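Chain by chain, the residues run as shown.
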Amino acid sequence: TLGMFSGVGGAIAYQLDQEVKADLTLHAPSLPWSHNGVFNSLDHASVRRGYQVYKQVCAACHSMRFLAFRNLVGVSHTEAEAKELAEEVMVQDGPNEAGDMFDRPGKLSDYFPKPFANDAAAAAANNGAIPPDLSYITLARHG
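Residues numbered from 1 in each chain as written. Predicted model: local features only at pLDDT ≥ 70, side-chain atom pairs only at ≥ 80, totals over all residues. Heavy atoms only, no water.

For the rest of this paragraph, the subject is the nonpolar core. Core analysis: the biggest nonpolar cluster contains 13 residues, and Y51, Y54, M64, F69, L72, L85 and F112 have the highest contact counts within it. Contributions of two or more residues to this core are made by helix 2 (44-56) and helix 3 (79-87). Counting residues per element, this core draws most heavily on helix 3, at three residues. Each residue touching L72, except ones within four places of it in the same chain, is listed here: Y51, H77, A82, L85 and F112. (Core = buried A, V, L, I, M, F, W, Y, C linked by side-chain atoms within 4.5 Å. Buried < 20%, exposed > 50% of the residue type's maximum accessible area, 1.4 Å probe, protein only. Helix = DSSP H or I, 4+ residues; strand = E, 2+ residues; numbered from the N terminus. Contact = heavy atoms within 4.5 Å.)

What follows is the structure, given as structure tokens:
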């Protein structure tokens, strides 16, 4: 009988543990967005506004180090607009014939610039916390 009580007690403890875990996990609500579905896509104007918000607000702290300017072409910007955005950024390149590094205007193949030189500088500017990279933030969210 002791084994039976232990088994029942273990099952109850396991069930309670699973219920508590479910209560502590917060998931985004499932909403009927227009871009949900197999043959639907994102609203390109909204993606463009999202990039504008990132550029004006989020880029001060957060990086998107895995995205290049070429990723904007055909999604939110035309090729000419993406080239213009890339050329606004000065990218360190080189070495030249003299062996020196130099700055040049960005190209479509260049990645978005990082707001800080390294993680230590990012932590120092943000009270010890390193701001997360936003390249794949949508993949980290449920819903």
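Past the structure itself, the notes keep going.
What follows is about helix 3. Listed as buried for helix 3 are A82, L85 and A86. Down the axis of helix 3, the smallest arc covering the buried residues is 100 degrees, so these residues share one side. Every exposed residue of helix 3 that faces more than 90 degrees away from the buried side is listed here: A80 and E84. Buried positions along helix 3 lie against helix 2 and strand 2 (102-105). (Arc of directions from axis to C-beta.)

Okay, a nonpolar patch on the surface next. Taken together, the side chains of V8, I12 and L16 make up a nonpolar region of the molecular surface, amounting to roughly 270 Å² of accessible area. Within the element layout of this structure, V8 appears in helix 1 (residues 2-24). Taking relative accessible area as the criterion, V8 reaches 45% and is therefore assigned partly exposed. (Patch = residues over 30% accessible without salt bridge, like charges linked within 9 Å, V, L, I, M, F, W, Y side chains within 5 Å. Areas by Shrake-Rupley, 256 points an atom, 1.4 Å probe, with all protein chains shown as cover. Salt bridge = Lys/Arg side-chain N within 4 Å of Asp/Glu carboxyl O.)

Let us look at the confidence of the model for the protein. For the protein, per-residue confidence averages 84 on the pLDDT scale, and 83% of positions sit at 70 or higher. The lowest-confidence element of the protein is helix 1, averaging 70 in pLDDT; the highest-confidence one is helix 3, averaging 94. (pLDDT = per-residue confidence, 0-100.)

All right, on to the side chain of S135 then. One can find S135 in the segment after helix 4 (119-125). For S135, a relative accessible area of 11% translates into the label buried. A polar side-chain atom of S135 sits 3.3 Å from the main-chain amide nitrogen of R65. A polar contact of 2.6 Å, which involves the side chain of S135, links it to the side chain of D133. Here S135 is in contact with S63, M64, R65, F66 and L67, once residues within four sequence places are set aside. (Polar contact = N/O pair within 3.5 Å; in protein donor to acceptor, adjacent residues only side chain to side chain.)

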